[in-house]
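The primary structure of each chain is shown beneath.
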Amino acid sequence: MPESASEVTAAGIARLAGVGRAAVSNWRRRHPDFPKPVGGTETSPAFALADVERWLRDQGKLAEVPLRERVWQQLADHPATAAADLTGAGIALLLVRDRSAVWRDLVSGDDPRMAELLPIAVEQLLAQRFGDDRLETLTPALRGGRTLAPAAMPFLRSVGELAAELGPRQTYEFLLGRFLDANIRQYTPTPPGPAALMAAIAAPPDTARGATVLDPAAGTGTLLRAVERPAALLAQDSDPALTALTALRLALHRDPSVTVAARAGDTLRADAFPDTHADAVLCHPPFNERNWGHDELGYDPRWEYGFPARTESELAWVQHALARLRPGGTAVLLMPPAAASRRSGRRIRAGLLRRGALRAVIALPAGAAPPYGIPLHLWVLRRPEPGRLPPAELLVVDTVEIGGAGGGRDRVDWQAVHNAVLDIWQPFDEHGSGGGSADRAGISRAVPVIELLDDDVDLAPARHVPPAATGGDADELERVRERLSDTLRLTGELTPAPAAPTHPAPWPSTTVGELARAGALTIRAGAGSAVPGGGHPGRTPQGGRGTVLTEHDVLAGTPPTGVLPDTTDDEPVRIQAGDIVVPVLGGASVVRVVDETAAGAVLGRNLQLLRPAPEALDSWFLAGFLRGTANTRQASSYASTATRLDVRRLQLPRVPLADQRRYGERFRALAAFEDALRLAGRLGEQLVQGLYDGLTDGTVEPERGP
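Going by what an unreviewed UniProt entry lists, the chain is known as N-6 DNA methylase and is assigned to Streptomyces qinzhouensis.

Written out as structure tokens, the structure is:
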């Protein structure tokens, strides 16, 4: 095999064919002609992409390898140089966007000519776009890579072709996203939901002139990318390779009028922007760092509010952010909840309160950002202005109930959290104090600073927000009871009567895979990366391009609740009325038929869509037979820790369309009964909890005896 040939892992083959990895393992066992490994390891073999493509096409499982998969495999073939090669690809994409005529001239010649002229064009572009930063950020990142070598010109040509198809920015986002997914333990990106909220809180009132925004722990650049109408974006990160990738990401996301400066280095020990006075600072610092420089930085002038203890690295980042702000500038930091109450940090917290530097503490639902298991906080800070009295109140906000009490990754209602926080923060910030308007039961409160300056200086919002009367008044509980009664009557009417016993019908059967090959239905895999946030079909939510039907929505029977981010790099799969959606993880026997209320939403991850041809298959017939317990059991793989369903192996009988519709009506009635039971359960829980709350807070009294 030629040395330059592309290889692909089992996960890559699954992406190409739109199936799970279990299906690829089955193909290897069942088909003697499946391509043999050409590299990798025994546990993670690699296969020749050309051989895999040929086999999939011969089996009718693939029409053509998408260009994006070809480009990614060419990059992923060399993991040791992937970061440097991705840097080179990003520079080429910046050349495609900013100097399209130069790029067209480069690709018009042969590879040796392109390899000779490309470094000259790259140097001119980087000097104009990044100035001296290119020498310490981008140029070293390219060393050791192969992107600008003559043998890599076909790869760069493919990158350019993909840019013509997707756009330069979307192409880079796709490749960077795949790179981060492949190195998930090495990098901790900030999710777009909290990033958008942090940027909106920090936005200076005068956004017309553009703001200078700094992120001293930039990581993948998500926080800076969320800033609207910046004049300059400044980033620093300790990882030189990631710093180069982030610089290109920000440059591709903005036009050349926006200054982008990204520098590598340990921010606390070697600040790359020591003379900066930014309008805003956004930061998701590393948590629980013991080796942050405590021994070397004892007399650093940044510690205006106290020298942080060795265990309080987050408070070192807080003071660094304040030191890099102009007077009146705003910083928003994503913090662990322990930083609000640890005794070792109480003196610094007290200093921040007395000086008026800390303006708000906002508790987010669990699942907002890594680590996903705990409810993180946002700290909103303001650098004090000389001559102005410090504010007398601190705003505390608890969004745990707003974002979903269940929490968990991919289950936070970010649309509701975003709107609620801004509705509370902006009036508070404008008037300088709450004045009572910020006090909302169960959500927020403007707490007098003097009340917080006790021995603990505990700033956890849950300790200061007044409890909500979740039960409502007696009239509201009566309305819930009436709805529950109506729903229970409906479940009685819908309760299906079992038919007379009979013997299993000797139907000839087929599989979903065979029907797909015959053209009777289409199979699509979901790839929509959702930012959960209260979607509404047909309406684009704030901060996204549409709603996403998530795996949780299918399991819970709710409308689409996810939001498709603006920056998603995958081509979304839109669902239609009559489609059947099947979760592929967990082994649950759940199938959903899409109705008009969900039509138009994007198919989320870990879901597969079956779109039957109406002249051949009835949707409800298909969905009903796919829910059979024995059917899902035989089509599931139990080889790994998570049960995975191979949709193509699901079986159903071959019966005429008229008989399909007869069965379909019965399955539709069962689904209506199931929905009524689900609603009755929710209403019952609401009524019970409301009565508990009403009895305990005094809004409901028990009946008096005779």
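Undergrad: Please provide a residue-by-residue account of the overall build of the chain, values included.
TA: Summing up its helical and strand segments, the chain has 23 helices and 24 strands in all. Residue burial in the chain is summarised as follows: out of 706 residues, 51% are buried. Of the roughly 32,500 Å² of accessible surface on the chain, 51% is carried by carbon and sulfur atoms.

Undergrad: Please give an account of the confidence of the model for the chain that cites residues and values.
TA: Per-chain confidence: the chain averages 85 in pLDDT, with 88% of residues scoring 70 or above. Counting interchain partners and residues more than four positions distant, the pLDDT-below-50 stretch residues 1-5 has four contacts. Below pLDDT 50 for its whole length, residues 532-544 participates in 49 contacts with residues either more than four positions away or in separate chains.

Undergrad: Quick one: what's the story with the sheet that holds strand β3 (residues 45-48), residue by residue and with numbers?
TA: The strand order across the open sheet formed by three strands is β1-β3-β2, and the pairing between neighbours is antiparallel. Bordering the open sheet on either side are β1 (7-9) and β2 (39-40), each of which pairs with just one other strand. Of the strand pairs in this sheet, β2 and β3 are connected by two bridges, and their pairing is antiparallel. Among the inter-strand pairings, G40 is bridged to a residue of β3, identified as P45.

Undergrad: Break down unusual backbone geometry for me, citing the residues and quoting the values.
TA: The amide bond that connects P370 to the next residue, P371, takes the cis arrangement and shows omega of -5 degrees. Mapped onto the fold, P371 is located in the loop between β9 (358-363) and β10 (377-382). Look at R229: it is not a glycine, yet its phi comes out positive at around 50 degrees. Within the secondary structure layout, R229 lies in the loop between α12 (222-225) and β5 (230-237). Phi is positive for V457, which is not a glycine, with a value near 50 degrees. The residue V457 is located in the loop between α17 (449-452) and α18 (474-494) in this model.

Undergrad: Tell me about the sheet that holds strand β21 (residues 607-612), residues and numbers included.
TA: Hydrogen bonding along the main chain pairs the strands of a sheet, whether they run parallel or antiparallel. On the basis of which strands lie adjacent, the open sheet formed by four strands has the order β14-β21-β18-β19 and antiparallel pairing. In this open sheet, the two edge strands, each paired with only one partner strand, are β14 (521-525) and β19 (592-593). As judged from the two bridges shared by strand β18 (residues 580-583) and β19, these two strands associate in the antiparallel manner. Bridging across to β19, I580 finds its partner in V593. Against the sheet, helix α21 (residues 619-626) touches β14, β18, β19 and β21, its axis set at about 15 degrees to β18.

Undergrad: Residue-level account of the environment of D239, with values.
TA: Of note, D239 is situated in the loop between β5 and α13 (240-253). On a C-alpha basis, the gap between D239 and G219 in space is 8.1 Å, while along the polypeptide they are 20 residues apart. Not counting residues up to four positions away in its chain, the partners in contact with D239 are Q186 and Y187. At a separation of 3.2 Å, a polar atom in the side chain of D239 contacts the main-chain amide nitrogen of L242.

Undergrad: Explain the packing of helix α7 (residues 111-130) against helix α8 (residues 133-142) to me, using residue names and the numbers behind them.
TA: Axis separation between α7 and α8 bottoms out at 10 Å; the angle between their running directions is 130 degrees. Relative to α8, the element α7 is oriented oblique. Note on packing geometry: the crossing formed by α7 with α8 is right-handed. Of the residues in α8, those in contact with E123, L126, A127 and F130 of α7 are D133, R134 and L138. When grouped by side-chain class, the residues that make up the contact of α7 with α8 number four nonpolar, no polar and three charged.

Undergrad: Hey, could you go over the environment of L148 for me, with residue numbers and the actual values?
TA: With respect to the helices and strands, L148 occurs in the loop between α8 and α9 (153-166). Along the backbone, L148 and M114 are 34 residues apart, and their C-alpha atoms lie at a distance of 9.5 Å. Once residues within four sequence positions are removed from consideration, L148 is found in contact with L118, L142, M153 and L156.

Undergrad: Go over helix α23 (residues 657-697), please, and point to the residues and values.
TA: In an α-helix, one turn spans 3.6 residues; hence positions three or four apart end up facing the same way. For α23, which comprises 41 residues, the first-to-last C-alpha distance of 59 Å matches the rise-based estimate of 60 Å (1.5 Å per residue) to within 8%. A positive backbone phi angle near 90 degrees is found at G698, which sits one or two residues after α23.

Undergrad: Give me the lowdown on the pattern of salt bridges, citing residues and values where you can.
TA: In the structure shown here, the tally under the stated rule is 36 salt bridges. Taking the shortest distance from any N to any O, the salt bridge between D51 and R54 comes out at 3.1 Å. Of this pair, D51 and R54 both sit in helix α3 (residues 49-58), three residues apart, which is roughly one turn of the helix. Of the residues examined, D51 reaches a relative accessible area of 32% and is grouped as partly exposed. For R54, a relative accessible area of 45% translates into the label partly exposed. Each of the salt bridges in this network shares a partner with another, and the network as a whole consists of E53, R57 and R70.

Undergrad: Give me the pairing of strand β7 (residues 278-283): which residues, what numbers.
TA: Among the six residues of β7, six are classified as buried, and the element is accordingly described as predominantly covered. Where strand β4 (residues 211-215) meets β7, two bridges bridge the pair, whose relative direction is parallel. Within β7, the residue paired with V213 across the bridge is A280. Relative to strand β8 (residues 325-335), β7 runs parallel, the two sharing five bridges. Each residue of the ladder has a partner; that of C283, found in β8, is L333. Crossover handedness for the path β7 to helix α14 (residues 313-323) to β8: right-handed.

Undergrad: So what's going on with the nonpolar core? Residues and values would help.
TA: The biggest cluster of nonpolar side chains holds 90 residues, and the ones touching the most others in it are F130, F179, L197, I201, L282, L364 and L378. Here this core gets ten residues from one element, more than from any other, and that element is helix α5 (residues 82-98). Two domains each put at least three residues into this core: domain 2 (73-182) and domain 3 (192-391). Contacts of L364, omitting those with residues within four sequence positions, involve L197, L334, P375, L376, L378, T399, V400, W414 and V417.

Undergrad: How would you explain the side chain of E53 if you had to name every residue and give the values?
TA: Note that E53 resides in helix α3. On the basis of relative accessible area, E53 is assigned to the buried category, the value being 11%.

Undergrad: Tell me about the packing of α5 against α7, and name the residues and values.
TA: Running from N to C, α5 and α7 cross one another at 80 degrees; their axes reach a closest spacing of 10 Å. Classified by the angle their axes make, α5 and α7 are roughly perpendicular. Here α5 contributes I91, L94, L95, R97 and D98 to the contact with α7, which in turn contributes L118, A121, V122, L125, L126, R129 and F130.

The rules behind these values
Chains are numbered independently. Their residues run from 1 in the order of the written sequence. Since the coordinates come from a predicted model, pLDDT governs what is reported: local features require at least 70, and pairs of side-chain atoms require 80 or more to be given and counted, while whole-chain, interface and lining totals use all residues. Values shown for side chains rest on all heavy atoms present in the structure; no hydrogens or waters enter the calculation. For helices the rule is a DSSP run of H or I covering at least 4 residues; for strands it is a run of E covering at least 2, with both sets numbered from the N terminus onward. Throughout this description, buried means an accessible area under 20% of the type-specific maximum (1.4 Å probe, protein chains only), exposed means over 50%, and partly exposed covers the range between. In this description, accessible areas are obtained by the Shrake-Rupley approach with a 1.4 Å probe, and a residue is regarded as covered only by the protein chains that are shown. Confidence of the prediction at every residue is given by pLDDT, a number between 0 and 100. Contacts are residue-level and defined by heavy atoms, with any inter-residue pair within 4.5 Å sufficient. Only strands that DSSP links by at least two bridges are regarded as paired with each other. Axis definition: a line fit to C-alpha positions, over the contact stretch in the case of helices; interaxial angles, taken between N-to-C directions, run 0 to 180 degrees. Under this definition, polar contacts are N or O atom pairs within 3.5 Å; protein pairs additionally need one hydrogen-donor-capable and one acceptor-capable atom, and for neighbouring residues in sequence, both atoms have to be side-chain atoms. Should an angle fall under 35 degrees it is called roughly parallel, over 145 degrees roughly antiparallel, and 65 to 115 degrees roughly perpendicular, with every other angle called oblique. Crossing handedness is read from the near helix: turned anticlockwise from the far helix by less than a right angle, it gives a left-handed crossing, and turned clockwise, a right-handed one. Ten residue types, Ala, Val, Leu, Ile, Met, Phe, Trp, Tyr, Cys and Pro, are classed as nonpolar, four, Asp, Glu, Lys and Arg, as charged, and the remainder, Gly among them, as polar. To estimate how far a helix should extend, the number of its residues minus one is multiplied by 1.5 Å. The salt bridge criterion pairs a side-chain nitrogen of Lys or Arg with a carboxyl oxygen of Asp or Glu, the two atoms within 4 Å. When the strands point away from the viewer and the path from the first strand over the helix to the second turns clockwise, the crossover is right-handed. What we call a nonpolar core is a set of buried Ala, Val, Leu, Ile, Met, Phe, Trp, Tyr and Cys residues that are connected through their side-chain atoms within 4.5 Å. Marked domain ranges trace back to an automatic or database domain assignment.

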